[in-house]
Amino acid sequence: MGRASSSSVHPFVVNAGDTLDFAYDNVTQSWLCTFREELDSAIVRFEIPRGEEFVLTGIEPVNGYPGINYYASGANGARLTTWLDVCTDLGRDLQIARPDLAIFAVGINDSACSSADFKPEVFKENYRRLIRLIRTVSPDCAFIFFTNNDSYRYVRRGMTYNTNAVAVQKAMFELAKEYGAGVWDLYEIMGGKGSIIPWRDSGLAMKDRLHFTEAGYTLLADLFYNALVEDHNGR
């Protein structure tokens, strides 16, 4: 998937000396390429004449076998309004993905402000807008909210403690009740207020006391996966 500045720009695939062209599909507004055999890797290149450009927005490998398709969307500094007002292709991408489960680990940038400036009702309404957008393509989609991790936030002269984690936690539990959704309470799992410090000291969070290290993210992924599987198997 991507956007080309003109029809003279197009991607192609090189595999084992063979070159395959992509064909533009008007329905999905993306480029499609069919391989003659199953592959575990391929090289994608682009023909971009001088003065033209191509913006790659995603790659979706499809093999037709049953299983789980996992899609991730995000960028450093993104807020809920990023998906709502900036990501103009989100509706199209949702049409392609048609999710059965949406996991929301979004909100820490929305809450990176003083307690007085954080508005829970605005926060929840932005989530409602996003949920409505998803349900236009997947009416039966299930949802899981990740509460914010305990953290510090950037201020002009350095870092200060983010006091909004509990307000975000409360808002997400309210949204979960409203939509019959699940909550993975990251804030509580970490240890609540001040827990980012021992996580940093243990090498699981970075020095900024906001982001996790690779080991920290791996641990959180394992914890969430285990919780999801145990909940599924317990039903």
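Details of the structure are given in the entry above.
Residues numbered from 1 in each chain as written. Predicted model: local features only at pLDDT ≥ 70, side-chain atom pairs only at ≥ 80, totals over all residues. Heavy atoms only, no water.

Across its full length, the protein chain holds seven helices and 12 strands. Taking the principal axes of its C-alpha atoms as reference, the protein chain extends roughly 55 × 50 × 35 Å. Pairs at least 24 apart in sequence give 66% of the contacts found in the protein chain among residues at least 6 apart. If you sum the accessible surface of the protein chain, you get close to 14,900 Å²; carbon and sulfur atoms cover 52% of it. (Helix = DSSP H or I, 4+ residues; strand = E, 2+ residues; numbered from the N terminus. Contact = heavy atoms within 4.5 Å. Areas by Shrake-Rupley, 256 points an atom, 1.4 Å probe, with all protein chains shown as cover.)

The next point concerns the nonpolar core. Core analysis: the largest hydrophobic core is formed by 27 residues, its most contacted members being Phe104, Phe123, Tyr127, Leu130, Ile134, Phe143 and Phe145. When residues of this core are assigned to their parent elements, the largest contribution, six residues, is made by helix H4 (residues 165–179). Filtering out sequence-adjacent residues up to four positions away, Tyr127 remains in contact with Leu80, Phe104, Val106, Phe145, Met172 and Leu175. Among the nonpolar cores identified, the runner-up in size contains 13 residues, and Phe146, Leu186, Trp199 and Leu220 belong to it. (Core = buried A, V, L, I, M, F, W, Y, C linked by side-chain atoms within 4.5 Å. Buried < 20%, exposed > 50% of the residue type's maximum accessible area, 1.4 Å probe, protein only.)

Our focus in this paragraph is helix H2 (residues 90–97). Buried residues of H2: Leu90, Arg92 and Leu94, and no others. Summarising the contacts, the buried residues of H2 are in contact with strand S1 (2–4), helix H1 (80–86) and helix H3 (120–135). Directly beyond the C-terminal end of H2, a positive phi value near 45 degrees is found at Arg98.

Okay, the layout of surface pockets next. Gaps left between atoms show up when a probe the size of a water molecule is rolled over them. Counted as a void, the second largest pocket has a volume near 940 Å³. In terms of lining, the second largest pocket is formed by 30 residues, of which the most central are Cys33, Phe35, Glu60, Pro61 and Val62. Contributions of two or more residues to the lining of the second largest pocket are made by strand S2 (10–15), strand S5 (30–32), strand S6 (43–47) and strand S7 (54–56). Ranked by residue count, the leading element in the lining of the second largest pocket is S5, at three residues. (1 Å grid on protein atoms, 1.4 Å probe; cavity = no way out; pocket = protein on both sides within 12 Å on 5 of 7 lines; lining within 4 Å. Points joined across faces, edges and corners; volume = space filled by probe spheres on them.)

This part is about the pairing of strand S10 (residues 152–155). As paired strands, S10 and strand S11 (residues 158–161) are joined by four bridges and run antiparallel to one another. Bridged to Tyr154 within S11 is Met159. Connecting S10 to the antiparallel partner S11 that follows it, the hairpin turn spans two residues. (Pairing = 2+ DSSP bridges.)

Taken together, the side chains of Val44, Phe46, Ile48, Leu56 and Ile59 make up a nonpolar region of the molecular surface, amounting to roughly 420 Å² of accessible area. Examined against the element boundaries, Val44 turns out to sit in strand S6. What makes Val44 partly exposed here is its relative accessible area of 34%. (Patch = residues over 30% accessible without salt bridge, like charges linked within 9 Å, V, L, I, M, F, W, Y side chains within 5 Å. Salt bridge = Lys/Arg side-chain N within 4 Å of Asp/Glu carboxyl O.)

Another point: the packing of aromatic side chains. On inspection of all chains with the given rule, the structure shows 15 aromatic pairs. Centroid distance Phe123 to Tyr127: 5.4 Å. Interplanar angle 80 degrees. Geometry classified as edge-to-face. On the criterion of helical spacing, the pair formed by Phe123 and Tyr127 is a turn pair, its members being four residues apart in helix H3. With centroids separated by 4.9 Å and ring planes inclined at 50 degrees, the aromatic side chains of Phe146 and Trp184 adopt a geometry described as tilted. Highlighted residues: Phe146 in strand S9 (residues 142–146) and Trp184 in strand S12 (residues 182–184), separated in sequence by 38 residues. (Phe/Tyr/Trp six-rings, centres within 6.5 Å; stacked < 30°, edge-to-face > 60°.)

Note that all results are geometric; they support no functional claim without further evidence.
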